[in-house]
Structures are given as structure tokens and as C-alpha cells.
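# Observations on the three-dimensional arrangement
One letter stands for each residue in the lines below.
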Amino acid sequence: MLGMTKRQFLKRSKKSLNETGTLLLLLKDTMNKINQEKISNEEASKQINNIRIEVESIFSQFEKNDPPSRCTPLKGRILHVLIILHESVIATLESLTAARKENEEKSRNKWNESNHILEEFSKDFHPICDDVNSFLVKKQKKEN
């Protein structure tokens with residue numbers, strides 16, 4: 001079976017990144033509600049778990065892509081940011097679990113870890129989105 005073209009890969013990359021961006025917004029919104037105590041621990045856990053499932057789904061779908069060899073580094077970068085987001089989501093879930101078990105210190109540590117990982121994610125995520133968008137724009141200009 002032949003791999004995909006660069007343009008096909010870039011379009012799928014953009015789609016995956018857009019879905020990831022939506023999950024990032026949902027995660028941040030839920031985390032803000034947790035901080036402001038506008039959501040119960042149980043409801044927050046459900047929402048964060050749903051985000052975890054979606055991140056895993058995006059990862060597994062994207063991992064199946066077979067890009068041209070010159071796009072392999074980009075695929076690796078995208079998979080890497082998805083892993084970082086997943087780690088942040090897991091740390092948030094662990095924080096909520098510790099809070100349910102009334103282990104405030106562990107909950108606070110996991111919460112801080114999650115925020116730190118989320119900052120790392122943001123530093124990597126936005127440049128990748130910019131790269132994919134610029135590659136697509138260059139590709140469109142060459143075709144016109």
C-alpha cells in the first residue's frame with residue numbers, strides 16, 4: 001500500500017491539531033471550573049476522563065498515518081505533543097483522585113504537575129500548528 005502525499009498528511013495533521021486544540025480548551029475550562037469550585041469532583045473526573053479518551057483516540061488515528069519520509073519528523077512532533085497533553089490529563093485525574101481520598105498534599109502536587117506539563121504542551125503545540133498551516137499555505141500557493 002502506498003503512503004499518503006504530503007498534502008494529505010498536512011490536511012490530516014491540521015484536522016488532528018484542530019481536534020487537539022478543542023480538547024485543550026475543554027481541559028482548561030474544566031480546570032478553571034475546578035479552581036473556582038463550580039464543578040463537583042465527580043463531574044470534573046468524568047469530564048477529564050472523556051478528554052483523556054478523546055486524546056487517546058486522536059493519537060491512535062494519527063499514528064496510523066503513513067506520511068512521506070520528509071514528513072516523518074513532523075509526525076513525530078505531533079505525536080509527542082499528544083503524549084504531553086495525555087500526561088497532563090492523567091496528572092489532573094490523579095489530582096482529583098487524591099482529593100477524593102482527602103490527600104491534599106498529593107492532590108496539590110499532581111495539580112501543579114499537570115499545570116507545568118500543560119505549559120510545556122503549549123510551548124510545543126502552537127509552533128507545530130503554525131508550521132502545518134504555513135506548509136499548507138505554501139503548498140496552495142504552488143498549486144495556484
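Every chain is numbered on its own, with residues counted from 1 as its sequence reads. Local features in this predicted model are restricted to residues whose pLDDT is 70 or higher, and side-chain atom pairs enter the listing and the counts only when it is 80 or higher, whereas totals over whole chains, interfaces and linings include all residues. Water and hydrogen atoms play no part in the side-chain values, which are based on all heavy atoms of the structure.

## So, the nonpolar core
The line we're drawing: Only buried Ala, Val, Leu, Ile, Met, Phe, Trp, Tyr and Cys residues count toward a nonpolar core, and they belong to the same one when joined by side-chain atoms within 4.5 Å. To sort residues, take the accessible area from a 1.4 Å probe on protein chains only and compare it with the maximum for the residue type: under 20% means buried, over 50% means exposed, and anything in between is partly exposed. Here a helix means four or more residues in a row that DSSP labels H or I, a strand means two or more in a row labelled E, and each is numbered from the N terminus. Contact criterion: two residues are considered in contact whenever any of their non-hydrogen atoms come within 4.5 Å of each other.
One finds L27, I78 and V132 to be the most contacted residues of the largest nonpolar core, which totals 36 residues. Of all the elements in the fold, those that place two or more residues in this core are helix 1 (6-35), helix 2 (41-63), helix 3 (72-100) and helix 4 (104-143). Of all the elements, helix 3 adds the most residues to this core, at 10 residues. The residues touching I78, leaving out its near neighbours within four places in the chain, are S13, L17, F62, I128 and V132.

## Concerning the pattern of salt bridges
A pair can form between side chains of opposite charge whenever their charged atoms are brought close. As a reminder, the rule being used: Every case where a carboxyl oxygen of Asp or Glu lies within 4 Å of a side-chain nitrogen of Lys or Arg is listed as a salt bridge.
Enumeration over the complete set of coordinates arrives at 7 salt bridges. For K110, the salt bridge identified is with E113, shortest N-O distance 3.4 Å. Highlighted residues: K110 and E113, both in helix 4, separated by 3 residues, approximately one helical turn. What you see here is one network of salt bridges that share partners, running through E94, K110 and E113.

## What about the environment of K33?
Among the structural elements, K33 can be located in helix 1. Remark: the alpha-carbon pair of K33 and A44, spanning 11 residues in sequence, is separated by 8.4 Å. Not counting residues within four places of it along the chain, the set of residues in contact with K33 comprises K38 and I39.

## Considerations on the confidence of the model for the protein chain
Rules: The predictor attaches a confidence to each residue, and that confidence, scored 0 to 100, is pLDDT.
Looking at the protein chain as a whole, the pLDDT averages 93, with 94% of positions reaching at least 70. Summarising per-element confidence for the protein chain, the mean pLDDT is lowest in helix 4 (90) and highest in helix 2 (97).

## Points about the packing of aromatic side chains
Stated precisely, the cut-off is as follows: Two aromatic rings, drawn from Phe, Tyr or Trp (for Trp, its six-membered ring), form a pair once their centres lie within 6.5 Å of each other, and the interplanar angle then sorts them: stacked below 30 degrees, edge-to-face above 60, tilted otherwise. To sit over a ring, a charge needs its Lys NZ or Arg CZ within 6 Å of the ring centre and within 35 degrees of the ring normal.
Tallied over the full model, the rule gives 2 aromatic pairs. For the pair F9 and F62, a centre-to-centre distance of 5.7 Å together with 45 degrees between the ring planes defines the contact as tilted. Taken together, the positions of F9 in helix 1 and F62 in helix 2 put the pair 53 residues apart, joining distant regions of the chain. Residue placement shows K6 over the ring face of F135; its charged tip is 5.3 Å from the ring centre.

## Overview of the packing of helix 1 against helix 2
Rule in force here: Lines fitted to C-alpha atoms define the axes, with helix axes restricted to the stretch in contact, and inter-axis angles between N-to-C directions lie between 0 and 180 degrees. Here the word oblique covers every angle except those under 35 degrees (roughly parallel), over 145 (roughly antiparallel) and from 65 to 115 (roughly perpendicular). By definition, turning the near helix anticlockwise from the far helix through less than a right angle yields a left-handed crossing, and turning it clockwise yields a right-handed one.
In contact at an axis separation of 10 Å, helix 1 and helix 2 are set at 165 degrees when each is read in the N-to-C sense. Between helix 1 and helix 2, the interaxial angle falls into the category roughly antiparallel. At the point where helix 1 passes helix 2, the crossing takes the left-handed sense. Between helix 1 and helix 2, the contacting residues are F9, R12, S13, S16, E19, T20, L23, L26, L27, T30 and I34 on the first element and A44, Q47, I48, I51, E54, V55, I58 and F62 on the second.

## A few points about helix 3
Where we set the bar: Here, expected helix span is obtained from the residue count minus one, scaled by 1.5 Å.
Between its terminal C-alpha atoms helix 3 stretches 42 Å, which fits the 42 Å expected from 29 residues at 1.5 Å a residue. At the C-terminal side of helix 3, E102 shows a positive phi close to 60 degrees.

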